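# Report on the structure
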Amino acid sequence: MMRYHDITKDDMLNGDGLRTVLWVSGCSHCCRDCQNPVTWDPNGGLPFDEKAKQELFEELSKDYISGITLSGGDPLYYGNRSDILKLIKEIRELFPTKTIWLYTGFVWETISELELMKYLDVLVDGEFIAEQKDTQLYWRGSANQRVIDVPQSLEQGSVVLHCE
């Protein structure tokens, strides 16, 4: 079972609009100067059980919430992928107008074939690189990371950046 550290409500820093953020446990990238190293351990945090899912869905049901952002840790840590797929399928079904953003240390070119991509709106890819840190960037920590429009990228077969 996937584990998580927090559900942040009314977040404005991790994607477009007012969002709910699920901070999952587990990350194999272990980037230097990571903002969230406490989330690296896949056994850390709490089990993402039915109660946690209901808390998340309660937030998503609010009219003023634009959508959900999945971060961590890394939602695409190998131990998280099947649970993340199930979760975003359910979110897409129950909340079709909400956007789904996902942050990962993996790059588009290595994960674009994953089934879960068809349920995402925006993917922020790439490891955080301390030497490329830039606090002026929207929705990302370092200049190597990309904010990708997933539906457009899948349609065109190449990376299309999300407008900032």
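## Here we look at the overall build of the protein chain
Counting its regular elements, the protein chain contains 4 helices and 7 strands. Starting at the N terminus, the α and β elements of the protein chain follow one another as β-β-β-α-β-α-β-α-β-β-α. The C-alpha radius of gyration computed for the protein chain amounts to 15 Å, which stays within 12% of the reference 15 Å derived for 164 residues, consistent with globular compactness. The C-alpha extent of the protein chain, read off along each of the three principal axes, is 40 × 35 × 30 Å. Across the 164 residues in the protein chain, those meeting the buried criterion constitute 48%.

## Here we look at the layout of surface pockets
The calculated volume of the largest pocket comes to roughly 790 Å³. Surrounding the largest pocket, 31 residues form its lining, Gln35, Tyr103, Phe128, Gly141 and Gln145 being those nearest its centre. Per-class residue counts for the lining of the largest pocket are 12 nonpolar, 13 polar and 6 charged. If you add up the space inside the second largest pocket, you get close to 180 Å³. Along the walls of the second largest pocket sit Met1, Met2, Phe48, Asp49, Glu50, Lys53, Asp83, Lys86, Leu87 and Glu90, which together make up its complete lining. When residues in the lining of the second largest pocket are grouped by element, the largest group, 4 residues, is from helix 2 (residues 81–94).

## Focus on the packing of aromatic side chains
Here the structure, examined in full by the defined rule, presents 5 aromatic pairs. Measuring from ring centre to ring centre gives 5.6 Å for Phe57 and Phe95, while their planes differ by 65 degrees; the resulting arrangement is edge-to-face. With Phe57 in helix 1 (residues 50–60) and Phe95 in the loop between helix 2 and strand 5 (99–103), this residue pair connects regions lying 38 residues apart in the sequence. Relative to Trp139, the ring of Tyr138 lies with its centre 5.7 Å away and its plane at 50 degrees, an arrangement referred to as tilted.

## Side note on the environment of Val160
Mapped onto the elements of the fold, Val160 is located in the segment after helix 4 (150–156). Sequence separation between Val160 and Asp149 is 11 residues; the distance between their C-alpha atoms is 5.6 Å.

## With respect to unusual backbone geometry
In this model, Asp10 sits at a positive phi of 55 degrees, which is unusual for a non-glycine residue. By the element assignment, Asp10 lies in strand 1 (residues 3–11). We note that Trp139 has phi near 65 degrees; this positive angle belongs to a residue other than glycine. For Trp139, the location among the structural elements is in the loop between strand 6 (122–125) and strand 7 (146–149). Residue classification places Trp139 among the buried residues on the basis of a relative accessible area of 14%.

## Observations concerning the state of the cysteines
Under the defined criterion, the tally for this structure stands at 0 disulfides. Take Cys30: it sits in no disulfide, and the sulfur closest to it among the cysteines is that of Cys27, at 5.7 Å. Looking at Cys30, the relative accessible area reads 37%, which means it is partly exposed. Free cysteine Cys34: the closest other cysteine sulfur is in Cys31, separated by 6.2 Å.

The rules behind these values
Residues numbered from 1 in each chain as written. Predicted model: local features only at pLDDT ≥ 70, side-chain atom pairs only at ≥ 80, totals over all residues. Heavy atoms only, no water. Helix = DSSP H or I, 4+ residues; strand = E, 2+ residues; numbered from the N terminus. Rg over C-alpha atoms; globule rule 2.2 N^0.38 Å. Buried < 20%, exposed > 50% of the residue type's maximum accessible area, 1.4 Å probe, protein only. 1 Å grid on protein atoms, 1.4 Å probe; cavity = no way out; pocket = protein on both sides within 12 Å on 5 of 7 lines; lining within 4 Å. Points joined across faces, edges and corners; volume = space filled by probe spheres on them. Nonpolar A, V, L, I, M, F, W, Y, C, P; charged D, E, K, R; others polar. Phe/Tyr/Trp six-rings, centres within 6.5 Å; stacked < 30°, edge-to-face > 60°. Disulfide = S-S within 2.5 Å.

Any functional reading would require information that these geometric values do not contain.
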